[in-house]
Amino acid sequence: MLQACDALDSVKDGVLEDPTRCHFDPAVLACKNGAGADCLTQPQVETARKIYTGPADPRTGQNMFPGLDPGSELSWATLTGPKPMSLAVEVYQYLVFQKPDWNYLDFDPGADIQAAVRAIGATYDAIDPNLKPLTGHGGKLLLYHGWADPGIPPRATVNYYKRVIDALGSAARANVRLFMVPGMGHCRGGEGTDAFDPVAALDVWVTTGKAPDQIPAAHLTKGVVDKTRPLCPYPEVAKYKGRGDTNSAANFTCAAQ
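Rules of the game
- Residues numbered from 1 in each chain as written.
- Predicted model: local features only at pLDDT ≥ 70, side-chain atom pairs only at ≥ 80, totals over all residues.
- Heavy atoms only, no water.
- 1 Å grid on protein atoms, 1.4 Å probe; cavity = no way out; pocket = protein on both sides within 12 Å on 5 of 7 lines; lining within 4 Å.
- Points joined across faces, edges and corners; volume = space filled by probe spheres on them.
- Nonpolar A, V, L, I, M, F, W, Y, C, P; charged D, E, K, R; others polar.
- Salt bridge = Lys/Arg side-chain N within 4 Å of Asp/Glu carboxyl O.
- Helix = DSSP H or I, 4+ residues; strand = E, 2+ residues; numbered from the N terminus.
- Phe/Tyr/Trp six-rings, centres within 6.5 Å; stacked < 30°, edge-to-face > 60°.
- Buried < 20%, exposed > 50% of the residue type's maximum accessible area, 1.4 Å probe, protein only.
- Lys NZ or Arg CZ within 6 Å of the ring centre and 35° of its normal.

### Here we look at the layout of surface pockets
Inference 1: In this structure, the second largest pocket occupies an estimated 380 Å³ of space.
Inference 2: Looking at side-chain class alone, the lining of the second largest pocket contains ten nonpolar, seven polar and two charged residues.

### Points about the pattern of salt bridges
Inference 1: A complete count under the given rule lists nine salt bridges for this structure.
Inference 2: The partner of E46 in a salt bridge is R49, and the shortest N-O contact between them spans 2.6 Å. Taken as a pair, E46 and R49 lie in helix α2 (residues 42-53) at a separation of three residues, close to a single helical turn.

### So, the packing of aromatic side chains
Inference 1: Per the stated rule, a full pass over the model turns up nine aromatic pairs.
Inference 2: With centroids separated by 6.5 Å and ring planes inclined at 85 degrees, the aromatic side chains of F24 and Y52 adopt a geometry described as edge-to-face. Taken together, the residues F24 in the loop between α1 (2-5) and α2 and Y52 in helix α2 connect sequence positions 28 residues apart. Just as F24 is buried, Y52 falls in that class too.
Inference 3: Both rings, one in Y144 and one in F196, keep their centres 5.2 Å apart while their planes meet at 85 degrees; by these two values the pair is edge-to-face. Of this pair, Y144 sits in strand β1 (residues 141-146) while F196 is found in the loop between β2 (176-181) and α8 (198-208), placing the two residues 52 residues apart along the sequence.
Inference 4: The class for F196 is buried, based on a relative accessible area of 18%.
Inference 5: Of the aromatic side chains, those joined through ring pairs into one cluster are Y92, F97, W102 and F107.
Inference 6: Across from the ring centre of F252, 3.9 Å away, lies the NZ or CZ of R229, which sits over that ring.

Structure follows, in C-alpha cells:
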C-alpha cells in the first residue's frame, strides 16, 4: 500500500496525508503459485477489499458503514480477528436482543444493525447533525480522528462532519471544526504526529473567538520528538512547501487539496 500511495502527498514518510486518495488494490498481492506466507489467497484478497470498503447489506449491496482506511493495515486484528470484539457481541447479547446465548455467527447485517438502532440508538448514537442548540449560543466543537484508526472507521467522523456542515450552512466552520490526523491510530499511536493539545486549541478558540487554522503536532520516538507537522482543519491538508526538512512543520502549510 505504501509503495502505491505514500508519495501521493509529495513526501515519502510512511504516512498518508489523505488516505481517500489511495486506491490500493490488494489483488497485487495475490498468490501466483498456491498459498504462501508472502502472498494472499483469493479469499484473503476479497476479505482485504471488504475491510477497506466496509459492510454492505447482503440483500441490496448498499454500503452500511465505512471501512478502514489505507494506513491502518498493521492493526487490522483489532476488528478482523478470528472472533469479534467481546464488546460488540455483548452489546447484541445483553442490550439489543437481551438474549445471553445469542451467537455472533447468526449476525445478519441487513436486519440486525437496524435492530440495534431501534433498541438502543436513542441512548447510544450521537449522529444528529443539528448542532444549533450548541452553536446558537456560541458553543464550539472541535473534532479529531486518526486516519489510521483500526477501531472506529475514520470516514464515519468525516461523513458526520459533512452532515453538520450541510445542516448548519456555510457559517458552520465558525463553530465546528474537524482535524483529521494522518497516520494516527485509535486516539494515539502510529507513524503520524499524534502528540498535540486539542483542549488548548479549543480554549483559545472559546476565549478569543478565533477558530484554529491549524494545531501543532509532533511524533515522538522513545520520548524524543523526531517529526512535527501542522494538523489542518478538514478538508485542508498539510502540504509540503517543496524545500527544507520534511520532518519540520515549518516547511508545511495547510491548504485545500
